[in-house]
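Notes for the structure review
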Amino acid sequence: MSEAIEKVKTLIIGSGPAGYTAGIYAGRAALNPVMYQGMQPGGQLTITTEVENFPGYPEGTEGPAMMEDLKKQAERYGTDVRWGEITEVDLSKRPFICKADDGKIIEAETVIIATGASAKWLGIPSEQEFNGGGVSACATCDGFFYKGLDVAVVGGGDTAAEEASYLANICNKVYMIVRRDELRASVPMQERVKKNPKIEILWNHNTKEITGKKEGFTKEVTGVTLINNKTNEEKKINISGFFVAIGHTPNSGIFKGQLDMDETGYIKTIPGTTATNIPGVFAAGDVQDKHYRQAITAAGTGCMAAIEAERFIGENE
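Note that this is a predicted model, so its numbers are computed, not measured.

**Focus on the packing of aromatic side chains**
On inspection of all chains with the given rule, the structure shows 4 aromatic pairs. Taken together, a centroid distance of 6.3 Å and an interplanar angle of 75 degrees make the contact between Phe144 and Phe145 edge-to-face. Residue class for Phe145 comes out partly exposed when judged on its relative accessible area of 30%. Centre to centre, the rings of Tyr146 and Phe243 are 5.6 Å apart; their planes meet at 85 degrees, and the pair counts as edge-to-face. Residue Tyr146 is found in the loop between helix 4 (139-142) and strand 11 (150-154), and its partner Phe243 is found in strand 17 (residues 241-244); the two are separated by 97 residues along the sequence.

Okay, here's the thing in structure tokens:
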């Protein structure tokens, strides 16, 4: 016997600040939204310890706690928040047909995509061992905790150059670990980095191991061991923070071939809106934003997407 099709006004694919905020607004608009949270319910903030730059939390808060607050608020206004993920979508015609990993088939009048982006990591064990305890993929999010200390940024592109420049305004010293003998960043960003006296570029180096201390649930980075990929010599530097800035991958795979994307997979939206090239499909948060990647900007676009979905339904009923 085939699975019955569930008809919904608004399906939210993904959670995090974008998805949960979309749920709050869509719920309050009586759209009875259904949300599939995805493989990482709450998104990247669930692996972030302290969050101090989200408005409304004067003392700061824990990332997972904030996501739980947003989830409860979305549920309070009627969002049906579900475990699991959407694995297949057919956006060729309305209503849109989406299939969940539990086999359930959803027929949605509108779809809000809030699947986010995943940071690229180096892939060494100590990187994950100290993740959230000295290892970060977001200087804007976590740089403040290393004020006046020595830190390292790994990467040679625009993202790494921007992160290093940002950290140089806060930290005592910034080591920029570059695996080649040149930067891939744009010329203006290269000049900005090279002229900054607080940034030291370590050319032709790869990261071997991040070192630190662990006591119970407390983790603290104390240094990093590097290998010169030309001489094979090891170099150890003392640092308190290690920032991985080798890029992000948008979680947009299941929409490829249906939605317009840039060359790296970020979903394109009409400027000033969250509307995609398919009417009735909206994209919010980091899956469509490669410039800011902040919780507050993701939440803002989640709000926009829900308002736009409500208007779309009103205009097409």
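Having seen the structure, we can now continue with the description.
**Some thoughts on the nonpolar core**
Side chains of nonpolar character tend, in soluble globular proteins, to be buried together. Counting residues in hydrophobic clusters, the biggest one holds 29 residues, and the most contacted among them are Leu45, Phe54, Met66, Met67, Ile112 and Phe282. Of all the secondary-structure elements, those providing two or more residues to this core are helix 1 (16-28), helix 2 (63-76) and helix 7 (295-316). For this core, the element with the highest residue contribution is helix 7, accounting for 8 residues. Residue contacts for Leu45: discarding those within four places in its chain leaves Pro17, Val51, Gly63, Pro64, Met66, Met67 and Ala295. If you look at the next biggest cluster of nonpolar residues, it comprises 23 residues, including Val8, Val89, Val111 and Val287.

**Regarding the side chain of Thr21**
Structurally, the position occupied by Thr21 is in helix 1. Note on Thr21: relative accessible area 9%, which makes it buried. The contacts of Thr21, once residues within four sequence positions are left out, are Ala299, Gly302 and Cys303.

**Quick notes on the pairing of strand 6 (residues 86-90)**
If a strand is regular, its side chains alternate between the two faces of the sheet. Of the strand pairs in this sheet, strand 6 and strand 7 (residues 96-100) are connected by 4 bridges, and their pairing is antiparallel. Note on strand 7: the bridge partner recorded for Asp90 is Ile97. The loop that links strand 6 with its antiparallel partner strand 7 comprises 5 residues.

**Some words on the state of the cysteines**
If you walk through the whole model with that rule in mind, you get 1 disulfide. Shown here is the disulfide that connects Cys138 with Cys141, its sulfur atoms set 2.2 Å apart. Its S-S torsion of about 70 degrees marks the bond between Cys138 and Cys141 as right-handed, since a negative value means left-handed. Looking at Cys141, the relative accessible area reads 23%, which means it is partly exposed.

**A short note on the pairing of strand 17**
Alternating positions in strand 17 separate into two faces, Gly241 and Phe243 on one and Phe242 and Val244 on the other, with burial throughout. Bridge count between strand 10 (residues 135-136) and strand 17: 2 bridges; the pairing is parallel. Bridging across to strand 17, Val135 finds its partner in Phe242. Relative to strand 17, strand 11 runs parallel, the two being bridged by 4 bridges. Following the sheet pairing, Ala152 is matched in strand 17 by Phe242.

**Some thoughts on the packing of helix 5 (residues 158-168) against helix 6 (residues 187-195)**
Running from amino to carboxyl end, helix 5 crosses helix 6 at an angle of 35 degrees, the nearest separation of the two axes being 10 Å. Crossing hand, helix 5 versus helix 6: left-handed. Seen from helix 5, the contacting residues are Asp158, Ala161, Glu162 and Ser165; seen from helix 6, they are Met189, Arg192 and Val193. In the contact of helix 5 with helix 6, the residues fall into 3 nonpolar, 1 polar and 3 charged.

**A short note on helix 1**
For helix 1, built from 13 residues, the straight-helix expectation of 18 Å at 1.5 Å per residue is met to within 8% by its first-to-last C-alpha distance of 18 Å. All of the buried residues in helix 1 are Gly16, Pro17, Ala18, Gly19, Tyr20, Thr21, Ala22, Gly23, Ile24, Ala26 and Gly27. Lining the buried residues of helix 1 we find strand 1 (5-13), strand 2 (34-36), helix 2, strand 8 (105-113) and helix 7. Downstream of helix 1 by a residue or two, Ala30 has a phi angle that is positive, lying close to 60 degrees.

**Things to note about the side chain of Gln294**
When you line up the elements, Gln294 lands in the loop between strand 19 (281-283) and helix 7. Residue class for Gln294 comes out buried when judged on its relative accessible area of 14%. Those residues in contact with Gln294, other than ones at most four positions away along the chain, are Asn53, Cys138, Thr140, Cys141 and Asp286.

Criteria and cut-off values
- Residues numbered from 1 in each chain as written.
- Predicted model: local features only at pLDDT ≥ 70, side-chain atom pairs only at ≥ 80, totals over all residues.
- Heavy atoms only, no water.
- Phe/Tyr/Trp six-rings, centres within 6.5 Å; stacked < 30°, edge-to-face > 60°.
- Buried < 20%, exposed > 50% of the residue type's maximum accessible area, 1.4 Å probe, protein only.
- Helix = DSSP H or I, 4+ residues; strand = E, 2+ residues; numbered from the N terminus.
- Core = buried A, V, L, I, M, F, W, Y, C linked by side-chain atoms within 4.5 Å.
- Contact = heavy atoms within 4.5 Å.
- Pairing = 2+ DSSP bridges.
- Disulfide = S-S within 2.5 Å.
- Axes fitted to C-alpha atoms, helices over the stretch in contact; angles between N-to-C directions.
- Left-handed = near helix turned anticlockwise from the far one by under 90°.
- Nonpolar A, V, L, I, M, F, W, Y, C, P; charged D, E, K, R; others polar.
- Expected span 1.5 Å × (residues − 1).

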